[in-house]
2 protein chains.
Amino acid sequence: MKKTPNEMTMRAWVRLMKSQHLLLSHVEAALKAANLPPLTWYDVLLELERAGDDGLRPFELERDLLLAQYNLSRLLDRIEKAGFIHRKAHKEDGRGQMVSITRAGKTVRHKMWPVYGAAMNEIFGDHLSEMQKIELASLLDCLINCASTDQPEN
Amino acid sequence: MKKTPNEMTMRAWVRLMKSQHLLLSHVEAALKAANLPPLTWYDVLLELERAGDDGLRPFELERDLLLAQYNLSRLLDRIEKAGFIHRKAHKEDGRGQMVSITRAGKTVRHKMWPVYGAAMNEIFGDHLSEMQKIELASLLDCLINCASTDQPEN
DNA sequence: CCAATATACATGCATATGCATTTATAAATT
DNA sequence: AATTTATAAATGCATATGCATGTATATTGG
């Protein structure tokens, strides 16, 4: 069924790409304006904060955040260099490591959230009703599930 | 009204980011697997093909494609180097130039479309009904309009 | 007409991403 | 136990992106 998309498919596709781009740029710009790290750092820090003191293995972060392995490896380098995470060798698995958030990491994440959240509301949350958000989330959820099951990637 | 987003806002936000990421990766991977240029090239080539023989000014492309100026400048470098576009000085505006698509550019765009289209259908089009696509497009359209009017960027 | 400012585009430098490969260890197979 | 295969993570190299600034021309306002 390798057909070419119909009109409505293309319209929805383009809007999805464009809206995401606009919304993400807005939030990134807000963070930058506040002299805070980029959004990816927030995602990592949040995962780690939720994971508790033991932290997570990089490959777990990789799956959760949909990041490529080499990409995450270097992202962790940067965040570590900034002092927001801590890496140590894994006790049992000699190949691996444990990544945990530091106190400074928690602090910066807490400083990021109001900026992130406000920007999210401003560009997104405030423009849709609760009902619309539910509909949107449901439509996208369908896509995400299909994509995750159909596709080999992740 | 700098409030923190509510639960539904966050759910919808995350899904929007995640779905776009999954869908886009799928299409990019399909193009790469077919030894074709990335999606951005397609967008540029399509705009130029639609624009006709005279082509477009870079700043017009910039607005249409939501690309940063310096970013577009280098993108055009690469596409030009590949022989898919042609740049020449603008006749009246000494600062500017005209960018037009070459025959090879048209050819490659035509080769890209079936791959792009098939991937789009596979990961997106085929998983939503026409009605759902209309709903989705409409919801996103609202966001795009708000973002474009609210925000200074573009 | 000329100085000040704005617009169009390019570029040096830092950072980020992708790809392929490498290193190290673990698990599985014989 | 030795060999193969799989998994965890890092890295050299190419490409892409962002930021600030540079260069050239155009426009505006005195």
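Owing to the predicted nature of the structure, the values given are computational and were not obtained by experimental measurement. (Residues numbered from 1 in each chain as written. Chains lettered and ligands numbered in written order. Predicted model: local features only at pLDDT ≥ 70, side-chain atom pairs only at ≥ 80, totals over all residues.)

**Q** Explain the relation of the copies chain B and chain A to me, please; I cannot follow it from the model alone.
**A** Here two copies of a chain appear, and what relates them is a rotation about an axis with a shift along it. Taken as rigid bodies, chain B and chain A are interconverted by a rotation of 180 degrees and an axial shift of 0.0 Å, the fit giving an RMSD of 0.0 Å. Both copies of the chain, as the preceding transformation shows, are related through a two-fold rotation axis. Most of the interface of chain B is mirrored in chain A, where 100% of its interface residues are also at the interface. (Least-squares fit on C-alpha atoms with pLDDT ≥ 70 in both. Contact = placed C-beta atoms within 7 Å.)

**Q** Mind showing me how you'd approach the protein's contact with DNA strand C here?
**A** Not every one of the 21 residues close to DNA strand C is listed here, only the nearest: Gly 94 of chain A together with Phe 59, Tyr 70, Ser 73 and Gly 96 of chain B. Of all the secondary structure elements, the ones that give two or more residues to the surface near DNA strand C are helix 4 (69-81) of chain A together with helix 3 (58-65) and helix 4 (69-81) of chain B. When its residues are assigned to classes, the surface near DNA strand C shows 7 nonpolar, 6 polar and 8 charged. (Near = placed C-beta within 6 Å. Helix = DSSP H or I, 4+ residues; strand = E, 2+ residues; numbered from the N terminus. Nonpolar A, V, L, I, M, F, W, Y, C, P; charged D, E, K, R; others polar.)

**Q** Even after reading the chapter, I still don't get the protein's contact with DNA strand D, so can you show me in this structure?
**A** Around DNA strand D, the structure places 21 residues, and the nearest of them are Phe 59, Tyr 70, Ser 73 and Gly 96 of chain A together with Gly 94 of chain B. Looking at the surface near DNA strand D, the elements with two or more residues in it are helix 3 (58-65) and helix 4 of chain A together with helix 4 of chain B. Its residues assigned to classes, the surface near DNA strand D comprises 7 nonpolar, 6 polar and 8 charged.

**Q** Whenever I open this one, the interface of chain B and chain A confuses me. Can you help?
**A** Counting from both sides, the interface comprises 49 residues of chain B and, opposite them, 49 residues of chain A. Among the elements that make up the side of chain B that touches chain A, the one with the highest residue count is helix 1 (residues 7-33) of chain B (17 residues). Split into classes, the residues belonging to the side of chain B that touches chain A amount to 26 nonpolar, 13 polar and 10 charged.

**Q** Would you mind going over the packing of helix 2 (residues 39-51) of chain A against helix 3 of chain A with me for this structure?
**A** A packed helix pair is summarised by two numbers, namely the angle formed by the two axes and the spacing between the axes. Residue and element names in this part refer to chain A. The contact between helix 2 and helix 3 brings their axes to 11 Å, and the two run at 120 degrees. Judged by the angle between their axes, helix 2 and helix 3 are oblique. Between helix 2 and helix 3 lies a crossing of right-handed hand. Judged by residue contacts, Asp 43, Val 44 and Glu 47 of helix 2 engage Leu 61, Asp 64 and Leu 65 from helix 3. Considered class by class, the residues forming the contact of helix 2 with helix 3 number 3 nonpolar, no polar and 3 charged. (Axes fitted to C-alpha atoms, helices over the stretch in contact; angles between N-to-C directions. Parallel < 35°, antiparallel > 145°, perpendicular 65-115°, else oblique. Left-handed = near helix turned anticlockwise from the far one by under 90°.)

**Q** Explain the environment of Leu 36 of chain B to me, please; I cannot follow it from the model alone.
**A** All names here are of chain B. Relative to the assigned elements, Leu 36 resides in the loop between helix 1 and helix 2 (39-51). A tally of 18 C-beta atoms within 10 Å means that Leu 36 is categorised as partly exposed. It is 21 Å that separates the C-alpha atoms of Leu 36 and Leu 67, two residues lying 31 residues apart in sequence. Residues within four places of Leu 36 in sequence aside, it is in contact with Leu 31, Lys 111, Met 112 and Val 115. (Buried ≥ 20, exposed ≤ 12 C-beta atoms within 10 Å, placed from the backbone.)

**Q** Mind showing me how you'd approach helix 1 of chain B here?
**A** Residues and elements named next belong to chain B. With 27 residues, helix 1 should cover 39 Å at 1.5 Å per step; its first-to-last C-alpha distance of 39 Å lies within 8% of that length. Along helix 1, the residues that are buried comprise Thr 9, Ala 12, Trp 13, Arg 15, Leu 16, Ser 19, Gln 20, Leu 22, Leu 23, Val 27 and Ala 30. Directly beyond the C-terminal end of helix 1, a positive phi value near 60 degrees is found at Asn 35. (Expected span 1.5 Å × (residues − 1).)

**Q** What's the story with unusual backbone geometry in this structure? I'm lost.
**A** Most peptide bonds take the trans configuration, and most residues that are not glycine carry a negative phi. Although it is not a glycine, Asn 35 of chain A sits at a positive phi angle of roughly 60 degrees. Among the secondary structure elements, Asn 35 of chain A is positioned in the loop between helix 1 (7-33) and helix 2. Since 8 C-beta atoms lie within 10 Å of it, Asn 35 of chain A is described here as exposed. The phi dihedral of Leu 66 of chain B falls on the positive side, at around 60 degrees, and the residue is not glycine.

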